[in-house]
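# Examination of the molecular architecture
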Amino acid sequence: MSTPAWIRPATLKEALTMRRDYNARPLAGATDIYVRHRAATGTLPPLEDRPVLYVGHLPELTSISEDGKGWLRIGAATVYTDILEHPDTPLLLRRAIEELAAPALRNAGTLGGNIGNASPAADAVCALYALHAEVDLAGHAGERRVPIAQLITGPGKTTVGADELITAVSVPMDRPGSFHYYRKAGTRRANALSKIAFCAGGTVLEGRLTGLGVAVGAVGPTIVHSRDLEVRAEGSDLARYRKLQQEESAPGGFLTARYMALISPISDQRSTDAYRRRVTENLLRDLFERTIPTLLSGKAG
Ligand SMILES: Cc1cc2nc3c(=O)[nH]c(=O)nc-3n(C[C@H](O)[C@H](O)[C@H](O)COP(=O)(O)OP(=O)(O)OC[C@H]3O[C@@H](n4cnc5c(N)ncnc54)[C@H](O)[C@@H]3O)c2cc1C
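Residues numbered from 1 in each chain as written. Predicted model: local features only at pLDDT ≥ 70, side-chain atom pairs only at ≥ 80, totals over all residues. Heavy atoms only, no water.

## Some thoughts on the overall build of the protein
The helix and strand inventory of the protein stands at 12 helices and 13 strands. At 20 Å, the protein has a C-alpha radius of gyration in line with the 19 Å of a compact globule built from 301 residues. Along the first, second and third principal axes, the C-alpha set of the protein runs to 70 × 45 × 30 Å. Look at the contacts in the protein between residues 6 or more apart in sequence, and 63% of them connect residues 24 or more apart. For the protein, the accessible surface area stands at approximately 14300 Å², while carbon and sulfur atoms represent 51% of it. (Helix = DSSP H or I, 4+ residues; strand = E, 2+ residues; numbered from the N terminus. Rg over C-alpha atoms; globule rule 2.2 N^0.38 Å. Contact = heavy atoms within 4.5 Å. Areas by Shrake-Rupley, 256 points an atom, 1.4 Å probe, with all protein chains shown as cover.)

Shown next as structure tokens:
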């Protein structure tokens, strides 16, 4: 039997078999794959020298459900428009998706594709880092769940196995006291990849900060984040937060200085190293000097 150019499996099980047997390349919305293969003539197959495995129709990959423990499980091939329409999508992820590409692209693009493409400027992935999202993968050997930050290892590089598919992404749903902070710097309002994507979230309840997540895109080879720094702020009230910030006398305090030490922006066709540094520092200072202290003091409007 000759190797097929395109495969449209009937079930997830069949998809996994095809992935393994043909080393087939997963495809959901094709909004990254087609751009990458723009030198190909037209949009007809063959797109690649290995079979393309379409997964965008599989029910297991296109549903959204609550797990009963406060987490929302979003199928990896659910299109952005459907994620936006779901009432329980956390506001931080919603904000990132609202500014991702443009409506037509959001009718096709998926979280699985944003993760699989592993761009350091991926907007939805940036929000997923700040939300401490977990990613479900399935392969013939079974299923596994991995924190998003452990899955992406470099530009275009992930630890998704050659016989695996990303099946879902789980994020904590918003709860009382949840806050989000999202800023994107791009060339224009729509269809612009980020010069910088900046995502933060957490909860401030009864004057205490918990679950802080901070992630910055397009300022390093992967999304920049630090679990250690997030943990340093865990459980802080305003007095403890101020004390932590005073551990460094730099502008923007300890947290700004430590995050600035983690970024390594480059100059490319979208922006310059200096611009990315400047904007990142401004946003870090806005978050750590203004937004979080205001929330902790109970003065937020
Ligand atoms: C005009 C334009 C504007 C854009 N603007 C933005 C933007 O503002 N922000 C942004 O972040 N991105 C942007 N993008 C990029 C793109 O739309 C997103 O990355 C989108 O999420 C990709 O999803 P997809 O389903 O189309 O991926 P696909 O193109 O189908 O796949 C992308 C990669 O992921 C792999 N993959 C897909 N699904 C799976 C799966 N289930 N399991 C394993 N691997 C999988 C594929 O093999 C491939 O390597 C833009 C693209 C275009 C063309």
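Now that the structure has been shown, we can carry on.
## Structural notes on the site of the ligand
Every one of the 29 residues lining the ligand counts as a neighbour, but Pro26, Thr31, Asp32, Tyr80 and Thr110 are closest to it. Residue asparagine 114 places a side-chain N or O atom 2.8 Å away from an oxygen atom belonging to the ligand. Contributing elements (two or more residues each) for the shell around the ligand: β2 (25-27), α2 (33-36), α6 (111-117) and β10 (165-172). Split into classes, the residues belonging to the shell around the ligand amount to 15 nonpolar, 10 polar and 4 charged. (Near = heavy atom within 4 Å. Polar contact = N/O pair within 3.5 Å; in protein donor to acceptor, adjacent residues only side chain to side chain. Nonpolar A, V, L, I, M, F, W, Y, C, P; charged D, E, K, R; others polar.)

## Examining the packing of helix α11 (residues 253-262) against helix α12 (residues 273-296)
Contact geometry for α11 and α12: axes closest at 9 Å, N-to-C directions at 150 degrees. With respect to each other, α11 and α12 are oriented roughly antiparallel. Once α11 is placed against α12, the crossing between them reads as right-handed. The segment α11 lies against α12, with Leu255, Thr256, Tyr259 and Met260 engaging Arg277, Thr280, Glu281, Leu284, Arg285 and Phe288. Partitioned by chemical class, the residues of the contact of α11 with α12 number 5 nonpolar, 2 polar and 3 charged. (Axes fitted to C-alpha atoms, helices over the stretch in contact; angles between N-to-C directions. Parallel < 35°, antiparallel > 145°, perpendicular 65-115°, else oblique. Left-handed = near helix turned anticlockwise from the far one by under 90°.)

## Observations regarding the side chain of threonine 81
If you trace the backbone, threonine 81 turns up in helix α3 (residues 80-85). At 2.5 Å, the side chain of threonine 81 forms a polar contact with the side chain of asparagine 107. With near-sequence residues (within four places) excluded, threonine 81 lies in contact with Pro103, Arg106 and Asn107.

## Topic: the nonpolar core
In terms of nonpolar packing, the biggest core is built from 40 residues, with Leu93, Leu111, Ile115, Leu128 and Ile148 touching the most fellow members. Of all the elements, helix α7 (residues 123-130) adds the most residues to this core, at 7 residues. Among the domains, domain 1 (6-172) and domain 2 (178-296) are the pair contributing at least three residues each to this core. Contact partners of leucine 93, with chain neighbours within four places excluded, come to Ile74, Ile83, Leu111, Ala124, Ala127, Leu128 and Leu131. Counting 30 residues, the second-largest nonpolar core is a separate cluster that includes Phe254, Ile263, Leu283 and Leu284. (Core = buried A, V, L, I, M, F, W, Y, C linked by side-chain atoms within 4.5 Å. Buried < 20%, exposed > 50% of the residue type's maximum accessible area, 1.4 Å probe, protein only. Domains from an automatic or database assignment.)

## Quick look at the pattern of salt bridges
Applying the stated criterion across every chain, the model contains 15 salt bridges. Note that arginine 144 and glutamate 164 form a salt bridge whose closest N and O atoms lie 2.7 Å from each other. Of the two residues, arginine 144 sits in strand β7 (residues 142-147) while glutamate 164 sits in the loop between β9 (157-158) and β10, which places them 20 residues apart along the sequence. Judged by relative accessible area, which is 32%, arginine 144 ranks as partly exposed. Residue classification places glutamate 164 among the buried residues on the basis of a relative accessible area of 10%. A single network of salt bridges, built from pairs that share partners, joins Arg73, Asp136 and Arg145. (Salt bridge = Lys/Arg side-chain N within 4 Å of Asp/Glu carboxyl O.)

## Considerations on the packing of aromatic side chains
This model, assessed by the stated rule, comprises 2 aromatic pairs. When the centroid spacing of 5.6 Å and the interplanar angle of 70 degrees are considered together, the rings of tyrosine 181 and phenylalanine 198 count as edge-to-face. Of this pair, tyrosine 181 sits in strand β11 (residues 178-185) while phenylalanine 198 sits in strand β12 (residues 196-205); the two residues are 17 residues apart in sequence, bridging distant segments of the chain. Assigned by exposure class, tyrosine 181 and phenylalanine 198 land together as buried. A ring pair is formed by tyrosine 259 and phenylalanine 288, whose centres lie 5.7 Å apart and whose planes are at 20 degrees; its orientation type is stacked. Linking tyrosine 259 in helix α11 with phenylalanine 288 in helix α12, this pair joins segments that are 29 residues apart in sequence. Among the residues examined, tyrosine 259 registers a relative accessible area of 2% and is labelled buried. When the ring centre of tyrosine 181 is taken as reference, the NZ or CZ atom of arginine 183 above it lies at 4.1 Å. (Phe/Tyr/Trp six-rings, centres within 6.5 Å; stacked < 30°, edge-to-face > 60°. Lys NZ or Arg CZ within 6 Å of the ring centre and 35° of its normal.)

## So, the sheet that holds strand β13 (residues 208-217)
The strand order across the open sheet formed by 3 strands is β11-β12-β13, and the pairing between neighbours is antiparallel. Only two strands of the sheet have a single partner each, and these edge strands are β11 and β13. The mean angle between the axes of side-by-side strands here comes to 10 degrees, regardless of whether they run parallel or antiparallel. (Pairing = 2+ DSSP bridges.)

## A short note on α11
Within an α-helix, residues lying three or four positions from one another point in the same direction, as the helix has 3.6 residues per turn. Across the 10 residues that make up α11, a large majority, 7, are buried. Buried residues of α11: Gly253, Phe254, Leu255, Thr256, Ala257, Tyr259 and Met260, and no others. Check the buried side of α11 and you find it contacts β13, α9 (227-233), α10 (238-245) and α12.

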